[in-house]
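An overview of the molecular structure
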Amino acid sequence: QVQLVESGGGLVQAGDSLKLSCAASERTFSIYGMGWFRQAPGKEREFVGAIRWSGRIYYADFVKGRFTISGDSVQNTLCLRMNSLNTEDTAVYCCAARTRPGTNPSVAESYDYWGQGTQVTVSS
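Since the model is a prediction, treat every value here as computed from it, not as a measurement. (Residues numbered from 1 in each chain as written. Predicted model: local features only at pLDDT ≥ 70, side-chain atom pairs only at ≥ 80, totals over all residues. Heavy atoms only, no water.)

1. A closer look at the state of the cysteines
To be explicit about the condition: Our working definition of a disulfide is a cysteine sulfur pair at a distance within 2.5 Å. Three exposure classes are used, based on accessible area relative to the maximum for each residue type with a 1.4 Å probe and protein chains only: buried under 20%, partly exposed in between, and exposed over 50%.
Scanning the model with the defined rule gives one disulfide in all. Unpaired in terms of disulfides, C94 finds its nearest cysteine sulfur in C95, a separation of 8.6 Å. Relative accessible area serves as the criterion here: at 15%, C94 is assigned to the buried category.

2. Points about the nonpolar core
What counts is decided by this rule: For the purposes of this section, nonpolar cores are sets of buried Ala, Val, Leu, Ile, Met, Phe, Trp, Tyr and Cys residues that join through side-chain atoms within 4.5 Å. Going along the chain from the N terminus, every DSSP run of H or I of four or more residues is numbered as a helix, and every run of E of two or more is numbered as a strand. Every residue pair with non-hydrogen atoms within 4.5 Å of one another is taken to be in contact.
In this structure, L4, M34, W36, L80, M82 and Y93 are the most contacted members of the largest nonpolar core, which totals 36 residues. Only β3 (18-24), β4 (33-39), β5 (46-52), β7 (67-72), β8 (77-82), β9 (91-98) and β11 (118-123) provide two or more residues apiece to this core. Residues contacting M34, with those up to four places away along its chain left out, are L4, C22, A50, I51, W53, N76, T77, L78, C95, A96, A97 and Y111.

3. Describing the side chain of S110
Position of S110 relative to the elements: it lies in the loop between β9 and β10 (113-114). With relative accessibility at 6%, the residue S110 sits in the buried group. Not counting residues up to four positions away in its chain, the partners in contact with S110 are R98, R100, T103 and N104.

4. Observations concerning the side chain of N76
The condition that has to hold: In protein, a polar contact requires one atom able to donate a hydrogen and another able to accept it; more generally it is a pair of N or O atoms within 3.5 Å, and residues adjacent in sequence count only if both atoms are side-chain atoms.
Position of N76 among the secondary structure elements: in the loop between β7 and β8. One polar contact links N76 to W53, side chain to side chain, over a distance of 3.3 Å. What N76 contacts, discounting residues up to four positions off in sequence, is C22, A23, A24, E26, R27, T28, I31, M34 and W53.

Take a look at the structure:
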């Protein structure tokens, strides 16, 4: 069972930047890709971005060039660099990993492993 651990969340001001990291508990070649989702209070969980280890990167439309995903397919680590944060980015950010090729990277059901999440709070 692969465990994912996020780090890097915190309280920042609007306009600031923040970098989130996610690490898998073990190196495994079963992971096909990883992604970030977020959930704000009272809202549905939403896709932020994802990477497929073959090289393809996906972003949600709201990212609008503010966020950058990077990762290491050997170590199964994932980073999310967030710039120009605003109050609407306040949420719990969760890292996820999927093992099944051909699944939709923007859909939560495609993922087999999830982290506990890290809180990001953006103040105005």
